[in-house]
Amino acid sequence: MAKKIDEDALAEAYNRALALEKAGDVDAAVKAYEEVLAIDPDDHGGAAVRIAAMGRGETPSKAPDAYVETLFDQHAEVFEDVLVEQLGYHVPMLVRQRIQSLELGPFKRMLDLGCGTGLTGGTLRDICEEMTGIDISENMVEIAHEKDLYETLFVAEVEDFLDDNDEEPFDLITATDVLPYLGALEPLFFGAAENMMSGGIFVFSSETLPEEALAGRSYMVGPHQRFAHSDAYVRERLAATGFDLIEITDINVRMEEGQPTPGHLVIARLR
């Protein structure tokens, strides 16, 4: 039996932590976020990620499932408007352009990891016979379902799905805007390889930070609570899980407070 969360105490602690963080009192903010975690160990508010973003504590290996689910469930209705119109998110179009330029496809079976409302699925629909979408947010999946893009949709955490899935393998797997919620990439890359035909194509986007910010780390939580990965780490993990890199392109993932968010668009082929 899950222990009932004291919502009022949680809201109070979280708001206090946010205010302290905003005021620049890191020590007090970290302490307040630790109180938040004590009240809500599943971490629906992403306190662990916020602590890491302030450069304290252990960097988590991924954002907590409860946090990602809550975040996207809350924003599902306005998601496309905010992401595309306000934040200038065009990664799905970039995926389309690179796949065409490299003359990859058409594809028989596509798996769209973190499909959200179906932005990437929509740009690739005409070059895929069959599409499966996965997202941790039920509200996002409902919106994708209404668009009638995918033959199959699942509400699931990406790594869990890849681990449990025993359907036919896919010849295209996409993961746009998934890596910013994952730190360690081994489970994702290994899971993709396990669910893919040999010679299959794996396309994903990631966010990155300058070398001096990463300071030799493989990944870290950036200032906007999303994970940034080093180029070298992405390359090394791909090679280790059986992929050959086709190309890695520098992109602007989205605008954040008027500033571009540097990242990579990566296309790899399973050996």
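Refer to the structure presented above.
Cut-offs applied
- Residues numbered from 1 in each chain as written.
- Predicted model: local features only at pLDDT ≥ 70, side-chain atom pairs only at ≥ 80, totals over all residues.
- Heavy atoms only, no water.
- Helix = DSSP H or I, 4+ residues; strand = E, 2+ residues; numbered from the N terminus.
- Rg over C-alpha atoms; globule rule 2.2 N^0.38 Å.
- Contact = heavy atoms within 4.5 Å.
- Areas by Shrake-Rupley, 256 points an atom, 1.4 Å probe, with all protein chains shown as cover.
- Lys, Arg positive; Asp, Glu negative; His and termini not counted.
- Charge placed at Lys NZ, Arg CZ, Asp CG, Glu CD.
- Polar contact = N/O pair within 3.5 Å; in protein donor to acceptor, adjacent residues only side chain to side chain.
- Phe/Tyr/Trp six-rings, centres within 6.5 Å; stacked < 30°, edge-to-face > 60°.
- Buried < 20%, exposed > 50% of the residue type's maximum accessible area, 1.4 Å probe, protein only.
- Lys NZ or Arg CZ within 6 Å of the ring centre and 35° of its normal.
- Patch = residues over 30% accessible without salt bridge, like charges linked within 9 Å, V, L, I, M, F, W, Y side chains within 5 Å.
- Salt bridge = Lys/Arg side-chain N within 4 Å of Asp/Glu carboxyl O.
- Pairing = 2+ DSSP bridges.
- Right-handed = clockwise from strand over helix to strand, strands pointing away.
- Axes fitted to C-alpha atoms, helices over the stretch in contact; angles between N-to-C directions.

A. Region of interest: the overall build of the chain. Per the secondary structure count, the chain includes 12 helices and nine strands. A compact globule built from 271 residues should have a C-alpha radius of gyration of about 18 Å, and the chain, at 19 Å, falls within 12% of that. C-alpha atoms of the chain, sized along the principal axes, occupy 55 × 40 × 35 Å. Put simply, 63% of the contacts in the chain that link residues at least 6 apart link residues at least 24 apart. For the chain, the accessible surface area stands at approximately 12800 Å², while carbon and sulfur atoms represent 50% of it. Measuring between centres, the 21 positive side-chain charges of the chain sit 4 Å from its 53 negative side-chain charges.

B. Representation of the side chain of E247. For E247, the position within the fold is in strand β8 (residues 243–256). Of note is the side chain of E247, whose polar atom sits 3.3 Å from the side chain of T249.

C. Just unusual backbone geometry, in detail. At the junction of G105 and P106, the peptide bond is cis and its omega measures out at 0° in the coordinates. As for its position among the elements, P106 is in the loop between α6 (91–101) and β1 (107–113).

D. Geometry of the side chain of T120. Its place among the elements puts T120 in helix α7 (residues 119–124). Side chain to side chain, T120 and T176 meet in a polar contact 2.7 Å long. Setting aside chain neighbours within four positions, we find T120 in contact with P92, M110, D112, T174 and T176.

E. Spatial organisation of the packing of aromatic side chains. In the structure shown here, the tally under the stated rule is 10 aromatic pairs. Between F202 and F204, the aromatic rings sit 4.9 Å apart at their centres with planes inclined by 45°, giving tilted as the arrangement. Among the residues examined, F202 registers a relative accessible area of 0% and is labelled buried. Geometrically, the ring pair formed by Y219 and Y233 is tilted, given 5.8 Å between the ring centres and 45° between the ring planes. Of this pair, Y219 sits in strand β6 (residues 219–221) while Y233 sits in helix α12 (residues 231–240), and the two are 14 residues apart along the sequence. The pair Y219 / Y233 is uniform in exposure class, with both members buried. The ring of F170 is capped by R109, whose NZ or CZ atom sits 4.5 Å from the centre of that ring.

F. Quick look at a negative patch on the surface. Together, E69, E77, E138, E142 and E146 give the surface a local cluster of negative charge. The residue E146 is located in helix α8 (residues 138–147) in this model.

G. Structural context of the environment of A156. Locating A156 in the fold gives a position in the loop between β3 (152–155) and α9 (158–164). With 47 residues separating them in the primary sequence, A156 and V203 have C-alpha atoms 20 Å apart. When near neighbours in sequence (up to four residues on either side) are disregarded, A156 contacts I134, D135, I136 and F161.

H. Inspection of the pattern of salt bridges at higher detail. Tallying each qualifying case throughout the model produces 21 salt bridges. Between E157 and K62 there is a salt bridge; the shortest N-O distance is 3.0 Å. With E157 in the loop between β3 and α9 and K62 in the loop between α3 (47–53) and α4 (65–75), the pair connects residues that are 95 residues apart, well separated along the chain. Overall, E157 belongs to the buried group, its relative accessible area being 9%. When the shortest N-O distance is used, the salt bridge between E159 and K62 registers 3.8 Å.

I. Structural detail: the pairing of strand β5 (residues 196–207). Among the 12 residues that make up β5, nine are buried, leaving the element largely enclosed by the rest of the structure. Here strand β4 (residues 170–175) pairs with β5 via five bridges, running parallel. Bridge pairing links I173 to F202 in β5. Between the parallel pair β4 and β5, the chain is carried across by helix α10 (residues 186–194), and the sense of this crossover is right-handed.

J. Spotlight on the sheet that holds strand β2 (residues 128–135). Pairing within the open sheet is mixed, and its seven strands lie in the order β3-β2-β1-β4-β5-β9-β8. Both edges of this open sheet fall to β3 and β8, since each of them pairs with a single strand only. Looking at each pair of strands side by side, their axes are set apart by 15° on average, direction ignored. Running over the sheet, α8 touches β2 and β3 and is turned about 165° from β3.

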